[in-house]
Amino acid sequence: MCGIVGILGSEPVAGNILEALKRLEYRGYDSAGIATLENGRIARRRAAGKLKNLEAALDAEPLFGHLGIGHTRWATHGRPTADNAHPHLNGQVAVVHNGIIENFRALRDELEAKGHKFTSETDTEVVAHLVDDAIKSGLSPSDAVAASLPRLKGAFALAFIFEGEEDLLIGARQGAPLVVGFGAGERAGELYLGSDALALAPLTDELAYLEEGDHVVLTRQGAKFYDESNQPVARKRIRTAASAFLIDKGNYRHFMAKEIHEQPEVVARTLAHCLDLAAGTVALPFELPVDAASLPRLTIAACGTAFMAGLVSRYWFERIAKLPVEIEVASEFRYREAPMEKGGLMLLISQSGETADTLASLRYAKKCGQKVLSVVNVATSTMARESDVAALTLAGPEIGVASTKAFTCQLALLACLALAFGKARGTVDAKEEARLVAALMAVPGLIAEALKREAAVETLSRDLAKARDVLYLGRGTSYPLALEGALKLKEISYIHAEGYAAGELKHGPIALVDSDLPVIVIAPRDKVFEKTLSNLQEVAARNGRIILISETGAVDHLGAEGEEIGMPEMAPDFSAIVYAVPVQLIAYHTAVFMGKDADQPRNLAKSVTVE
Ligand code: AGP
C-alpha cells in the first residue's frame, strides 16, 4: 500500500523524506512525490515509477523547505502517472494519503458544483479541495481539517501542509496506520509523521501511534492529539525496536532470499517464545482469552498466505485438540454475517496486522461477542491493539512483498497453540506433549537442511521458468502448501499456477495433464503419503511431468518417471513448516530466472490496508 512521510524539521527536509520513502518501498508502489514549504509557498516534485525517478527530479530542481510531506503511491483510483502521484494540491493545501476515500465521487460532484476544478483521477485530490474549501469559509487550517475529516468515508491515513504555515504539519488516521515521531539529540524539536516505524527509524525511535479516528496537529511547540470527537487526547510515547533492525539485504540479491534463509533462526525464536525447551513442554507467553476446555468451535479468518497458514492449522487444531474449526478468507467472512456463539473464539492471522479485510473480520467477531486472538508479526499493529490477545511471531520485519519467514513463523506459533489447546482439552497427555514438542524443536534444523536443497531447486526452476501453467498437488497439511506454492509462483513469476487437493485430481484437473504441464507434488512421508503417490500414477499415465517434493528417494517408489526435490526425514506432525521452504525457493528462483522483481512484484502491496 501507499507510504506517507512528513517532517517538520530544522533544516531542508527533502533528502530525509526521500530516504524515509525508500524504507517504505517494501510496501509496493508505482509513483512518488514530495512537497515542501519554501518562503510560505508550496513547492512540489512528482514522478511515476520508482523512487530513482523522483530523486532525478529533485536533483534537477532541488527543494529547500524545512517542512514537507512525501508519498509512495500504490494506485487504487487513477493510473500510476505523475499527475496522479501525491502530494495533491488545492489552494493553500497539500495532502498525501494512504487508503481509499469511498465517497470521493459524491464529494467531488459537490465540490465541482461549487466550481472546483480537478486535475487528477484520484480520490485523494478531493481531500485537498474539501479542506481548502473549509479554509476559504474562514476556518484555520487545523479547524478546516477537523471539520473535513467526518465527511470522509473509507480507510485512510493523511498528512497535510499549508501555504503560509511554516510551523504546521497535520496527520489523521482512520483504518490505515500513522505514527508520530519525536526528534531527539541534534534533531530535538523536530517532529515526524510516518506510515510505520521503519520509515522513521533513521530519524527517531521515539513514537506515538494515532488511534482510530485520531488526528494530530504538529508544531514546533509539540504534538497535540485529538480523538474522533475532536477532543484533545493523550497518546502514549513508546520506543520502538524498528530502528534496531538493520534493514538491508546483507549478501543476498533480494530481501526475499534473505528472509527465506532467516527461517531457521526466526522459527526457532518463535518456538522458543512458546515452548519450555528445557522441560519439553508448551509454555505460551500469554493467557488464552477463553476456556479452551469448553470452547465449542474456533473460527479463523485471514488473507493470502496468512490464510494458507490458517488452513494448515485447522488440521492441527482438529487432530491434536479435537477442536472443530471454521475457516474463511477474511474478505468473504467480513460480509457473510456468520452466526457466532457468544463466548466463542476468533483467531486472526496477519503478518502486517493492518490488512483491511482481516481487521473488518476482527471487528465483526467482537460485535458478535467473540474473544479475539490474533497471530501478528507487528506488535504495534492495529490488529494487535484491537485483539484481546496478540500472539507475536518473531519473524522480524518482512520486507519482501511475498511472505515467507512470516508464514513459517505463523505455522510454528499455530502449532504451539494447537498443542496448548490439546493440553487444556485433555486430548494430549504428557507423553504425547513431549513427543510433539520434540518434533517442533527439530523443525528449525530441518528447515536448515531443506535450504541445502537450493541448488536442486535452482536447476528445476530454470525449466519451470518456461512453463505456461503449473499444477501443485498435496493432501492433508500439504494441500494448503499446494495452494501456497501456487500463490507464491503466481505472485512473483506471474506464471499461472493452481493448487489442488491431490485427491481431487480425478474430479477434473486431470484434464489439464499433458507433457507440457509441470505437476509439483508435495508429499512428506505422512499417513496420506501412499495415497498421494498413487494419485501420481494418474499423472504419469498421461505423460504428465512429475516433480516430487518428498523424502529423498521417494521418487524410486513412484514406479514412473519423475524429478525429485529430496527432503530430510522427519516426524510427519509438523512437516508443513519444513516443506514450505522448497515451495518458496521454487517460486523465488523461477522469478529470478525470468528477470522479475522478486521483492516488489508488479501490482502487489505488502500490506493491503484497503478493501
Ligand atoms: C503473501 O505472499 C501475499 N503477498 C499476501 O497474500 C499476504 O499474505 C496477504 O495480503 C495478507 O497479508 P497480512 O498477513 O499482512 O494480513
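Residues numbered from 1 in each chain as written. Predicted model: local features only at pLDDT ≥ 70, side-chain atom pairs only at ≥ 80, totals over all residues. Heavy atoms only, no water.

**Student:** Lay out the layout of surface pockets with the relevant residues and their values.
**Tutor:** Any space left empty among the atoms is revealed by the rolling of a water-sized probe across them. As a volume, the largest pocket reaches approximately 680 Å³. Lining the largest pocket are 32 residues, and of these N377, V378, A379, T380 and P397 lie nearest its centre. Within the lining of the largest pocket, the residues separate by chemical class into 15 nonpolar, 11 polar and six charged. By volume, the second largest pocket amounts to about 480 Å³. Along the walls of the second largest pocket sit 27 residues, with C303, G304, T305, K606 and V608 positioned nearest its centre. Mapped by element, the contributors of at least two residues to the lining of the second largest pocket are α9 (304-321), β20 (345-350), α11 (356-367) and α17 (478-493). No other element matches α9, which puts four residues into the lining of the second largest pocket. Here the residues of the lining of the second largest pocket are counted per class, giving 12 nonpolar, 11 polar and four charged. (1 Å grid on protein atoms, 1.4 Å probe; cavity = no way out; pocket = protein on both sides within 12 Å on 5 of 7 lines; lining within 4 Å. Points joined across faces, edges and corners; volume = space filled by probe spheres on them. Nonpolar A, V, L, I, M, F, W, Y, C, P; charged D, E, K, R; others polar. Helix = DSSP H or I, 4+ residues; strand = E, 2+ residues; numbered from the N terminus.)

**Student:** Please give an account of the site of the ligand that cites residues and values.
**Tutor:** What surrounds the ligand is a group of 13 residues, the closest being S350, Q351, S352, T355 and E491. Contact between the ligand and S350: an oxygen atom at 2.6 Å from a side-chain N or O atom of the residue. Burial of the ligand by the protein amounts to 91% of the accessible area it has alone, namely 410 Å². Assessed atom by atom at 2 Å from the grid points, the ligand resides in the second largest pocket. Among the secondary structure elements, those contributing two or more residues to the shell around the ligand are α9 and α17. Among the elements that line the shell around the ligand, the one with the most residues is α9, at three residues. Across the shell around the ligand, the residue classes break down as four nonpolar, seven polar and two charged. (Near = heavy atom within 4 Å. Polar contact = N/O pair within 3.5 Å; in protein donor to acceptor, adjacent residues only side chain to side chain. Areas by Shrake-Rupley, 256 points an atom, 1.4 Å probe, with all protein chains shown as cover. Sits in = over half its atoms within 2 Å of the grid points.)

**Student:** Give me the sheet that holds strand β22 (residues 389-392): which residues, what numbers.
**Tutor:** Sheets are built from strands paired through backbone hydrogen bonds, the pairs being either parallel or antiparallel. Ordered by their spatial adjacency, five strands build an open sheet running β19-β18-β20-β21-β22, and the pairing between neighbours is parallel. On the outer flanks of this sheet lie β19 (325-329) and β22, each paired with one strand and no other. Across the sheet, the mean angle from the axis of one strand to that of its neighbour is 20°, orientation sign disregarded. As paired strands, β20 and strand β21 (residues 371-376) are joined by six bridges and run parallel to one another. Bridge assignment links M346 to a residue of β21, and that residue is V372. Strand contacts of helix α13 (residues 405-424): β20, β21 and β22, with the helix running at about 160° to β20, the strand carrying the most contacts. (Pairing = 2+ DSSP bridges. Axes fitted to C-alpha atoms, helices over the stretch in contact; angles between N-to-C directions. Contact = heavy atoms within 4.5 Å.)

**Student:** I'd like a description of unusual backbone geometry, backed by residues and values.
**Tutor:** A negative phi angle is the norm for most residues apart from glycine, just as the trans form is the norm for most peptide bonds. Look at the link from H86 to P87: it is a cis peptide, with omega at 0°. The residue P87 is located in the loop between β4 (67-73) and β5 (88-90) in this model. Positive phi, normally seen in glycine, also occurs at N230, with a value near 65°. Secondary-structure assignment places N230 in the loop between β13 (222-226) and β14 (232-233). The backbone phi angle of Y494 is positive, close to 70°, even though this residue is not glycine. One can find Y494 in the loop between α17 and β24 (496-501). According to the relative accessible area criterion, Y494 is partly exposed, its value standing at 24%. (Buried < 20%, exposed > 50% of the residue type's maximum accessible area, 1.4 Å probe, protein only.)

**Student:** Before we move on, could you go through the packing of helix α3 (residues 104-113) against helix α4 (residues 125-136) and cite the residues and values that matter?
**Tutor:** Orientation of α3 relative to α4, taken along the N-to-C sense of each, is 45°, at an axis distance of 10 Å. As summarised for this structure, α3 and α4 are arranged oblique, according to the angle between their axes. Handedness of the crossing formed by α3 with α4: left-handed. Within the contact between the two elements, α3 uses F104, L107, R108 and L111 and α4 uses V126, H129, L130 and D133. When grouped by side-chain class, the residues that make up the contact of α3 with α4 number five nonpolar, one polar and two charged. (Parallel < 35°, antiparallel > 145°, perpendicular 65-115°, else oblique. Left-handed = near helix turned anticlockwise from the far one by under 90°.)

**Student:** So what's going on with the pairing of β4? Residues and values would help.
**Tutor:** Most of β4 sits out of view: seven of its seven residues are buried. By the alternation rule, side chains of β4 split into L67, I69, H71 and R73 and G68, G70 and T72, which are all buried. Bridging between strand β1 (residues 3-8) and β4 involves six bridges; their strand directions are antiparallel. Directly across from V5, in β4, lies its bridge partner G70. Pairing of strand β2 (residues 31-38) with β4, which is carried by six bridges, proceeds in the antiparallel orientation. What sits directly across from I34, in β4, is G70.

**Student:** Explain the packing of aromatic side chains to me, and be specific about the residues and the numbers.
**Tutor:** Per the stated rule, a full pass over the model turns up four aromatic pairs. A centroid spacing of 6.1 Å and a plane angle of 10° characterise the contact between F160 and F162, whose relative ring orientation is stacked. F162 shares its class with F160; the two are buried. Seen in terms of ring centroids, W316 and F574 are 5.2 Å apart; in terms of plane orientation they differ by 75°. Their pairing is edge-to-face. In this pair, W316 sits in helix α9 while F574 sits in the loop between β27 (563-567) and α19 (575-593), placing the two residues 258 residues apart along the sequence. Of the residues examined, W316 reaches a relative accessible area of 2% and is grouped as buried. One cation-aromatic arrangement involves K50 over Y29; the distance from NZ or CZ to the ring centre is 4.6 Å. Between the NZ or CZ atom of R602 and the centre of the ring of Y494, over which it lies, the distance is 3.9 Å. (Phe/Tyr/Trp six-rings, centres within 6.5 Å; stacked < 30°, edge-to-face > 60°. Lys NZ or Arg CZ within 6 Å of the ring centre and 35° of its normal.)

**Student:** Could you give me a rundown of the sheet that holds strand β11 (residues 206-209), with the residues and numbers involved?
**Tutor:** Spatial strand order, β3-β2-β4-β1-β10-β9-β11-β15: eight strands in an open sheet with antiparallel pairing. The open sheet has two edge strands, β3 (41-48) and β15 (238-239), and neither has a second partner. Judged from the two bridges that link them, β11 and β15 form a sheet pairing that is antiparallel. Pairing of E206 across the sheet is with R239, part of β15.

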